[in-house]
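# Report on the structure
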Amino acid sequence: MASFLQTKIEFLKGVGPVKAKLLEEELLIVTVEDLLNYFPFRYENRSHFSQIKDLEDNDGYVQIKGVIVGIGLKGESKKQRLSAQFADQTGEIELLWFKGVNWMIKKLKAGVPYVVYGKPVLFNGKFSISHPEIEIITPGNEQKGDDYLPVYPTTEKLKRRYIDSKALSKLVKSVLQHPSYRVDEIVDSHILQNNRLIGYQSALSWIHFPHSQDQLQQALLRLKFNELFFIQLKIFQEKVERQEKHRGIVFKKSHLVNEFYTKHKPFELTDAQKRVVKEIYTDLQSGYQMNRLMQGDVGSGKTITAFICMLIAISNGYQTSIMAPTEILATQHYHGLAEFSEKLGLKTALITGSTKKSLKKKNLDALKNGELDIIVGTHALIEDNVEFQNLGLVVIDEQHRFGVAQRAKLWQKSQHHYPHVLVMTATPIPRTLAMTLYGDLEISTIDQLPQGRKPIKTTQLTDANRSKLFGFIRRQIEEGRQVYIVYPLIEESETLAYKDLMDGYESISRAFPHEAISILHGKMKAADKEYEMKRFLKCETKIMVATTVIEVGVNVPNASVMVIENAERFGLSQLHQLRGRVGRGADQSYCILMSGPKLSKEARERIKCMVETTDGFKIAEKDLEIRGPGDLLGTQQSGLLDLKIADITQDSHILKLTRELARQILASDPELSSTEHSLIKKQLFSQKRHLLWSNIS
Ligand code: ADP
Ligand code: MG
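A brief structural summary. Every value quoted in this text rests on a predicted model; they were computed, and no experiment measured them. (Residues numbered from 1 in each chain as written. Chains lettered and ligands numbered in written order. Predicted model: local features only at pLDDT ≥ 70, side-chain atom pairs only at ≥ 80, totals over all residues. Heavy atoms only, no water.)

## Regarding the overall build of the chain
Secondary structure assignment for the chain yields 26 helices and 22 strands. Classification of the 697 residues of the chain by burial places 53% in the buried group. Excluding contacts between residues fewer than 6 apart, the proportion of contacts in the chain whose partners are at least 24 apart in sequence is 73%. A total accessible area of about 33,400 Å² is found for the chain, and carbon and sulfur atoms account for 51% of it. (Helix = DSSP H or I, 4+ residues; strand = E, 2+ residues; numbered from the N terminus. Buried < 20%, exposed > 50% of the residue type's maximum accessible area, 1.4 Å probe, protein only. Contact = heavy atoms within 4.5 Å. Areas by Shrake-Rupley, 256 points an atom, 1.4 Å probe, with all protein chains shown as cover.)

## Description of the side chain of Gln 476
Inspection of the secondary structure puts Gln 476 in helix H18 (residues 466-478). Ignoring anything within four residues of it in the chain, the contact list for Gln 476 reads Arg 481, Ser 560, Val 561 and Tyr 590.

## Considering the pattern of salt bridges
As a working rule, side chains carrying opposite charge can pair if their charged atoms are close by. In total, this model carries 29 salt bridges according to the counting rule given. Residues Lys 157 and Glu 26 are paired through a salt bridge, measuring 3.9 Å at the closest nitrogen-oxygen approach. Note that Lys 157 is positioned in helix H6 (residues 156-160) and Glu 26 in helix H2 (residues 16-27), a separation of 131 residues in sequence. One salt bridge in this structure joins Glu 565 and Arg 466, with 2.8 Å as the shortest N-O distance. Here Glu 565, found in the loop between strand E21 (559-564) and helix H21 (572-579), pairs with Arg 466, found in helix H18; they are 99 residues apart in sequence, far enough to count as distant. Of the residues examined, Glu 565 reaches a relative accessible area of 5% and is grouped as buried. (Salt bridge = Lys/Arg side-chain N within 4 Å of Asp/Glu carboxyl O.)

## Description of the site of ligand 1
Surrounding ligand 1, one finds 16 residues, the nearest of these being Gly 299, Lys 302, Thr 303, Arg 453 and Asn 555. The separation between an oxygen atom of ligand 1 and a polar side-chain atom of Arg 453 is 2.7 Å. (Near = heavy atom within 4 Å. Polar contact = N/O pair within 3.5 Å; in protein donor to acceptor, adjacent residues only side chain to side chain.)

## Structural notes on the sheet that holds strand E10 (residues 291-296)
What the seven strands build is an open sheet, ordered E12-E13-E11-E14-E15-E10-E16; its pairing is parallel. Edge strands, defined here as strands with exactly one partner in the open sheet, are strand E12 (348-351) and strand E16 (442-446). Strand-to-strand twist across the sheet, computed as the mean angle between neighbouring axes with direction ignored, equals 20°. Examined bridge by bridge, E10 and E16 share five bridges and lie parallel to one another. Residue pairing across strands places Gly 296 opposite Ile 446, the latter belonging to E16. Packed on one face of the sheet, helix H12 (residues 271-285) meets E10, strand E15 (420-425) and E16 and runs near 160° to E16. (Pairing = 2+ DSSP bridges. Axes fitted to C-alpha atoms, helices over the stretch in contact; angles between N-to-C directions.)

## Examining the packing of helix H11 (residues 255-264) against helix H13 (residues 302-315)
In a packed pair of helices, the relevant descriptors are the angle between the two axes and the axis-to-axis distance. Across the interface, H11 lies against H13 with an axial gap of 7 Å and an inter-helix angle of 135°. Between H11 and H13, the angle is such that the two are oblique. Contacts between H11 and H13 involve His 255, Leu 256, Val 257 and Phe 260 from the former and Ile 304, Phe 307, Ile 308, Leu 311, Ile 312, Ile 314 and Ser 315 from the latter. Residues that form the contact of H11 with H13 fall into these classes: nine nonpolar, two polar and no charged. (Parallel < 35°, antiparallel > 145°, perpendicular 65-115°, else oblique. Nonpolar A, V, L, I, M, F, W, Y, C, P; charged D, E, K, R; others polar.)

Shown next as structure tokens:
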């Protein structure tokens, strides 16, 4: 009966209120259903006992039967550890505890036979096991155990209350054997058959107690299916709801676009840019509120594409805003857009954290009165005192740099209606990830670079080749080019990063005594940053030494060399972003990755990938493979994707399957009101998890 699943675990045999409370606090397990959905994170093979004489280093986990022959404390009082000598007929090893020493010392008894399970490590010719699992031999565990003993994650607090992995496994078993235990199937049998999925009830039994690898795999497949299926359902459902709730403003006119296009455009748009403008214009006329992601590799020309879309909104008498993550980038956008908008007779202003109070007030008033057509800014745009008269389109550049809440705040700034939303990213999101993350977001891709761009040549150099590097830089400067030299920002130690940067600046000043050199880092005042940026942009300085503040968006087409110091410290997407600062003009550009001689495997892989390709999508796929999805989106959004068992890098086929299924089901039965879908509806309703990532409207 379904109600058994909803029973509070407190009422299970051997649990009671105290343990139930702990389980709730530590593992969020409240009901029997929660318990069943608390899966093992690995399985141990307990079908074999090892002998101490046969132990080998790096052999993994072993199970040994033996006796404790001596117990003692070692080390100073603060770092005291508990050491027990453990022997079988063939030899002796040491068992060690660094934590919970006082508790363990009371528990362990010499002369008593135990079963020990753990990972032996060879040190000074002797094996030891740290924090082994240890249990007095009873008739129950003396025999060979299971091939697949489930191991559940627990916490120290629970263990102290005797709720260890074993206790959890016993509890789960008792549930599975309970006379009232029954799990309803939620998916049609023909869907199961067509996709070779096992029943939900079997999957739940086998994930906890598989008898073979095959059973385990079958169970995993079915449970991953469930997890992704409900996420996709939820995403589609929200999309339908959003379209119903938020009617979009209809933008019919586009005369400013025509004027710009015929009289003022600085270059011909690429086919990809034209296509994306069309896609967006279709949205803007559809009557639905647009929620679109424009992705395009660095340098693909997203800014001008967005500007044209802003002109559509302004043609219809609405205001627009564009928000960028850094002051440098916002300022650059402002100057870029102001040039065009002036020609069209439009009013544009900039608001950042360092805009002077009086000017800010003036701009804010103009914005509220409707005098301004375009407002460009940083996070300062989401402050409460920023009010619009009629905001029609919100553009967010480098959207992955903003948190979900920050973005939401901006598009709630319109009183009468939700504005259309266009978010842009140069960190291409692999398709699988985009489907999970942004199921309700339409995606436009600028998959073409402006004509005449040559792929950037990338090489790796070690520190030993510095003179070669300087020689190369010198020749490029002689040819009239400009150079970036970027140092990593070390989060743990800003002082250290600053020192690296300053040391670098000095050594470069010495190598290029006749060059004026720009420097840019996060600690500088905004006005100083802008001054340095301008000097570099005007080609008054040929070398820009900087931290990653220049990572996003900065556009100096004459720069042709990007040197990245300590390249091994950067993530792939960051390296790609940095490299994208060059290759923005017609000249051959270069990226030089400097690194120490010794690199970790991952760092080597990253650098290799950068040398081999300039394709942002390939790099993003590789990044996903190396780092996993959580990291890919940066700390702002990590955690949103903490899928319980599915892994979108591995399980994209299941993702596709569930997505299609969810789409079909909701297309035929949007309210899930048919009896056939009643269980799906119920399950969807009871899903506790908030699907934050789809809260984009
Ligand atoms: P991103 O997509 O990385 O934001 P930008 O919008 O900064 O790229 O554009 C990069 C550079 O390419 C800018 O100098 C811009 O003026 C130029 N650009 C954009 N579109 C075209 C085009 N169709 N033809 C030539 N140059 C272009
Ligand atoms: Mg950009």
